[in-house]
Amino acid sequence: HRSKSTGLPGAKERTLVAVKPDGVQRRLVGQVIQRFEQRGFKLVGLKMLQVSEDLLSEHYCQLRQKPFYPNLVHYMTSGPVVVMVWEGHNVVQTSRTMVGHTNPTEAQAGTIRGDFSVHVSRNVVHASDSLEGAQREIQLWFQAKDLLDWDCCDQASTSEV
Ligand code: UDP
């Protein structure tokens, strides 16, 4: 039993990241996961699913009136997505930086979109854009029981090893 938290302040922040259908089809799931692991974030939920139009219209509720929305629905339902919850210090903002600009033309090299995509309609990944957005999206995509709270082996106290 561990009574003391060993994490940094805000280490329990969580965000939703998804590899979109083009990313799955292009075998980029592993590379996306690798970047988040390597950066130092903790994976607390993961699943693959074929998205329904209902879920998508909730997820993108602020975009329903946009001219590109029908194409976005077609894109996002064109194959399975891999959706994840990542946890760690400042993970919402850092994930957005790692993902890069919405339009890959504007995305810097070194970001996921900047390294793996060329067009806004096939930009490989999603990441929540704010703390409130992350909370809303995590609840929409995951049941609480499917998000796991776990400790790292390198944080165990010496009495446990
Ligand atoms: N999108 C598009 N055309 C546009 C703007 C957005 O196809 O002109 C798509 C793109 O896949 C984008 C998603 O709609 O990732 C959601 O747009 P948002 O502005 O929320 O950008 P994001 O948060 O994904 O960077």
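Residues numbered from 1 in each chain as written. Predicted model: local features only at pLDDT ≥ 70, side-chain atom pairs only at ≥ 80, totals over all residues. Heavy atoms only, no water.

### Observations regarding the environment of Pro80
Mapped onto the elements, Pro80 comes out in the loop between helix H4 (69–76) and strand S3 (81–87). In this structure Pro80 comes out as partly exposed when scored by relative accessible area, which is 30%. Sequence separation between Pro80 and Gln25 is 55 residues; the distance between their C-alpha atoms is 8.5 Å. Setting aside its immediate chain neighbours within four residues, Pro80 contacts Pro21, Val24, Met48, Leu49 and Gln50. (Helix = DSSP H or I, 4+ residues; strand = E, 2+ residues; numbered from the N terminus. Buried < 20%, exposed > 50% of the residue type's maximum accessible area, 1.4 Å probe, protein only. Contact = heavy atoms within 4.5 Å.)

### Re the UniProt feature "active site" (unreviewed entry) in the chain
UniProt annotation of "active site" (unreviewed entry) refers to His126 when read in the numbering used here. With respect to the secondary-structure elements, His126 resides in strand S4 (residues 125–127). Apart from the residues within four sequence positions on either side, His126 is in contact with Leu16, Val17, Ala18, Lys20, His59, Tyr60, Arg113 and Glu137. (UniProt positions renumbered as here; feature names shortened; annotations may be inferred.)

### Considering the site of the ligand
The environment of the ligand is formed by Lys20, Tyr60, Leu63, Phe68, Leu72, Tyr75, Arg96, Thr102, Arg113, Val120, Ser121 and Asn123. Between the ligand and the protein, one listed contact pairs an oxygen atom with a side-chain N or O atom of Thr102 at 2.5 Å. A distance of 3.0 Å separates an oxygen atom of the ligand from a polar side-chain atom of Arg113. Burial of the ligand by the protein chains amounts to 78% of its free accessible area of 500 Å². The class makeup of the residues in the shell around the ligand is 6 nonpolar, 3 polar and 3 charged. (Near = heavy atom within 4 Å. Polar contact = N/O pair within 3.5 Å; in protein donor to acceptor, adjacent residues only side chain to side chain. Areas by Shrake-Rupley, 256 points an atom, 1.4 Å probe, with all protein chains shown as cover. Nonpolar A, V, L, I, M, F, W, Y, C, P; charged D, E, K, R; others polar.)

### Some points on the pairing of S3
Most of S3 is tucked away: 7 of the 7 residues are buried. Alternating positions in S3 separate into two faces, Val81, Val83, Val85 and Glu87 on one and Val82, Met84 and Trp86 on the other, with burial throughout. Relative to S3, strand S1 (residues 14–19) runs antiparallel, the two sharing 6 bridges. Directly across from Val19, in S3, lies its bridge partner Val82. Bridging between strand S2 (residues 42–49) and S3 involves 7 bridges; their strand directions are antiparallel. (Pairing = 2+ DSSP bridges.)

### Describing the environment of Arg39
Take Arg39: it is sitting in helix H2 (residues 29–39). Classification of Arg39 by relative accessible area gives exposed; the value is 52%. Separated by 17 residues in the primary sequence, Arg39 and Asp22 have C-alpha atoms spaced 23 Å apart. For Arg39, the contacting residues outside a window of four places in its chain are Thr94 and Met98.

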